[in-house]
Each structure stands twice: as C-alpha cells, then as structure tokens.
Amino acid sequence: MIIMKTGATPEQVAEVINEIKRFGLRADVSQGEFRTVIGVIGDESVADFARLAILPGVKEVMRIETPYKLISREYSKYLENGAERFTVKVGDVEIGGEEPVYMAGPCAVESREQLFRIAEGVKKAGAHILRGGVFKPRTSVHSFQGLGAGGEDDAREALEWLREAGERYGMPVVTEIRGESQVDLVAEYVDVLQIGARNMYDQDLLTKVAAKGKPVLFKRHFGASVEEFLSFAEYIAAEGNKDIVLCERGIVPVGKGKSYTRYTLDLGSVPAIQRETFLPVMVDPSHATGRHDLIFNMSCAAIAAGASGLMIEVHYNPAEALVDGQQMITPDELKETLEACNRVHRVLGKTVV
Ligand code: PEP
Ligand code: MN
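Residues numbered from 1 in each chain as written. Chains lettered and ligands numbered in written order. Predicted model: local features only at pLDDT ≥ 70, side-chain atom pairs only at ≥ 80, totals over all residues. Heavy atoms only, no water.

Asker: Mind showing me how you'd approach the overall build of the protein here?
Answerer: Scanning the protein from N- to C-terminus turns up twelve helices and 14 strands. Against the globule reference of 20 Å for 353 residues, the protein gives a C-alpha radius of gyration of 21 Å, in line with a compact fold. With the C-alpha coordinates of the protein rotated into their principal frame, the extents come out at 65 × 45 × 45 Å. Across the 353 residues of the protein, 53% fall into the buried class. Counting only contacts in the protein whose residues sit at least 6 apart along the sequence, the fraction spanning at least 24 positions is 68%. As displayed, the protein has an accessible area near 15,100 Å², and 49% of this comes from carbon and sulfur atoms. Charged side chains in the protein number 41 positive and 51 negative. The centres of these two groups are separated by 3 Å. (Helix = DSSP H or I, 4+ residues; strand = E, 2+ residues; numbered from the N terminus. Rg over C-alpha atoms; globule rule 2.2 N^0.38 Å. Buried < 20%, exposed > 50% of the residue type's maximum accessible area, 1.4 Å probe, protein only. Contact = heavy atoms within 4.5 Å. Areas by Shrake-Rupley, 256 points an atom, 1.4 Å probe, with all protein chains shown as cover. Lys, Arg positive; Asp, Glu negative; His and termini not counted. Charge placed at Lys NZ, Arg CZ, Asp CG, Glu CD.)

Asker: In this structure, what is going on with the pattern of salt bridges? I would like to understand it.
Answerer: Where charged atoms from two side chains of opposite charge approach closely, those side chains can pair. Tallied over the entire structure, the rule returns 21 salt bridges. A salt bridge links arginine 22 to glutamate 19, with the shortest nitrogen-to-oxygen separation between them at 2.4 Å. Of this pair, arginine 22 and glutamate 19 both sit in helix H1 (residues 10-22), three residues apart, which is roughly one turn of that helix. On the accessibility criterion, arginine 22 (54% relative accessible area) is exposed. Among the ionic pairs, glutamate 313 bridges to arginine 131, the shortest N-O distance being 3.4 Å. You can see glutamate 313 sitting in strand S14 (residues 309-313) and its partner arginine 131 sitting in strand S8 (residues 129-131), a full 182 residues away along the chain. For the pair shown, glutamate 313 and arginine 131 are each scored as buried. Salt bridges here are not isolated pairs; linked through shared partners, they connect Glu15, Glu19, Arg22 and Arg51. (Salt bridge = Lys/Arg side-chain N within 4 Å of Asp/Glu carboxyl O.)

Asker: When you look at the packing of helix H8 (residues 226-237) against helix H9 (residues 269-276) in this model, what are you seeing that I'm missing?
Answerer: Any two packed helices are characterised by the angle at which their axes cross and by the distance between the axes. Put simply, H8 and H9 touch, their axes get as near as 11 Å, and they point 50 degrees apart. With respect to each other, H8 and H9 are oriented oblique. In the packing of H8 onto H9, the handedness of the crossing is right-handed. Contacts between H8 and H9 involve Val226, Phe229 and Leu230 from the first element and Ser269, Ile273 and Glu276 from the second. (Axes fitted to C-alpha atoms, helices over the stretch in contact; angles between N-to-C directions. Parallel < 35°, antiparallel > 145°, perpendicular 65-115°, else oblique. Left-handed = near helix turned anticlockwise from the far one by under 90°.)

Asker: Whenever I open this one, the site of ligand 1 confuses me. Can you help?
Answerer: For ligand 1, the full set of nearby residues is Arg131, Lys136, Pro137, Glu176, Gln194, Gly196, Ala197, Arg198, Lys219, Arg249 and His287. Separating an oxygen atom of ligand 1 from a backbone N or O atom of alanine 197 is a distance of 2.8 Å. Summarising the interface, the protein chains cover 97% of the accessible area of ligand 1, which totals 300 Å² for the free molecule. Taken together, the residues of the shell around ligand 1 sort by class into two nonpolar, three polar and six charged. (Near = heavy atom within 4 Å. Polar contact = N/O pair within 3.5 Å; in protein donor to acceptor, adjacent residues only side chain to side chain. Nonpolar A, V, L, I, M, F, W, Y, C, P; charged D, E, K, R; others polar.)

The following block contains the structure:
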C-alpha cells in the first residue's frame, strides 16, 4: 500500500501507478479530497517497495500481510474518510448503515402472479429489497431449475417481472447469477447481483460480475472458512468494485445422525468478519436452517449478532412452492419476524465494536 503526501500531484500519482504496472501488478486507487492511497493488487513480492518509497509525492509505503487487504479494516484506516463502517447504497436503501436492511421474496420466481403477490406481501411486512431466483442452483438435474432454464426469452420475461414488481412496490431487486453466460443478461435488469454459495470459489465469475459495477451480494460457501470467504470477496474488490455485501448462510453440519438444520448457521462469523473488514454482513436464516419454524429465532439472533440485515424466503402458500417450501415463511410471519428484529436492534443499537 502506498500513501501519497497531501498535495501530491496527479502526475505523481500516475507515476506511482505506472511503476506498479511495470512490476506486472495492478493498482487500486482511493482518491480522497486531500490524500490518495494506492493499493497493490497481485503478488507483492515482485514489487520493489524501496523504489516506490522514493518516488516523488510518496509519503509512506507498507505491506499489508493479509490475502484480503483491499477490503480489510487495516487498509480502510488509511483512507481519508477511513470509515468504521462502509455502506452499500442500492437506490434509496443503505446496507450497513444505522438500520437493518431486509431482503425478502420467493426462493424462485414461478409466475408473474406469484411474484407480484409475494412482493406486495413482503413490502407490507417491512422488506426493503425484493429477491427471487430466476436461475436456481439445484442438486438434482431433475428438479425445477428456475424459469431461466427455459432459454433467454423465458429468462428475460422473468427478469422483467422482477424489475416491474420492484418498481410497483418500491423495492430494488436482487437475483442470483449462476454462470458467466448469465452476467450481461441479469445485469440489465436487477439492482444487486447475487453470487450463490456454490459459486463462491468461481473467481472468473466473481471478476465478471464485479466488472458490472453494481452492488454484489456475496454468499459464503458452506465449506468455506471465513478467511477463504473474505479472500474470494477480494476478487470483487480487485476489479474496483467495493460495493460488496457479504452474506452468512450456514456451513456444513458435523457429526453422525440427524442435524435438525439444513446447515449450521455460523453467527460467530458475523462479528468476526466485522473486525476484519469494513463491508456489511447480512445473514440468510432460510438456507441456513432449512426450517420455517426456526426463522423467527435465528433472525433475531442474527440482528443481535450485529448483522446489517437479513435475507428471508417468503411465500403466501409455502406448501405449493416449487423450491424450498419447507423453509419459507408467510408475509404475516415475516412481518412478525421483522418487527421483532427491529425491537432487538433498538435495544442493542449499533453492535459494531
Ligand atoms: C438463494 O439465495 O437463492 C440460494 C440458492 O442460496 P445459497 O446460494 O446460499 O444456497
Ligand atoms: Mn432457496
């Protein structure tokens, strides 16, 4: 990381960037009103830091020894408005700010009627962002794969409904991009691009999604350590896109016999991640538990743990849902849950330490 002097000229900044490029590396430039900070992207060991340190306009040069430096608190400390929190703005919604943000909607978009009915319900219940899968990651090829599987026209139609429903009920929209071939199409329609747990490790997908410049909802893989999760988030930041919302959605349960939950919701990761990075962290209790009867408790617990918000699957009649019916709650249950979460939040206040 290179910290420029106050009053360093644009030419001096450009020279540092050129020097970094000469080493075959890339630069992450954070330009403040008074101070510019330049992060080095790539294998730093090939860079001659002593040489960078004597370039005109350079105040200080230091190595940050973490695989996720661009999103680290250590790095942000040196930025001018070295924010304790970093917020991701999606339309009028601010994720990571003072108030928790709630994303809700069906697991999968199934029809226009289904989506609009759920959108109306979640809006009334207090949700801020509408979710709905068009391309579903499924374990079995014989299961419903989402309307996007019907080809581009079907995908466009479903994405259009999502956008329309968001506009009608005043909510930005989020949907998952399951593969590189879907990036351009999905980015045309939605406000937040979701990378699902199964794709957390797909660095080519991350890079391509990041380059769209839209906020990214990045879910933790169920077998990933926190360090891996943050290291892969860094691939998004390295494209110059720091509008990243991390999402804890549970990890693989351990032991023999029944686990009683679909995954193990790792709530300790929420404050742990917040100590490492300035990015907001949300929690998805739906996929983590796989059980509608646990959503209320785990939502409250997530907010108590300091989560910046929740993602919850909702259906007016979970029994008829084509995907994940067992973990969906109704709009009335969502309302009750979000009201309780808001009470928890009011009592505990800002939980980032
Ligand atoms: C989803 O949110 O639709 C989803 C499939 O979740 P995950 O990637 O966490 O399994
Ligand atoms: Mn689901």
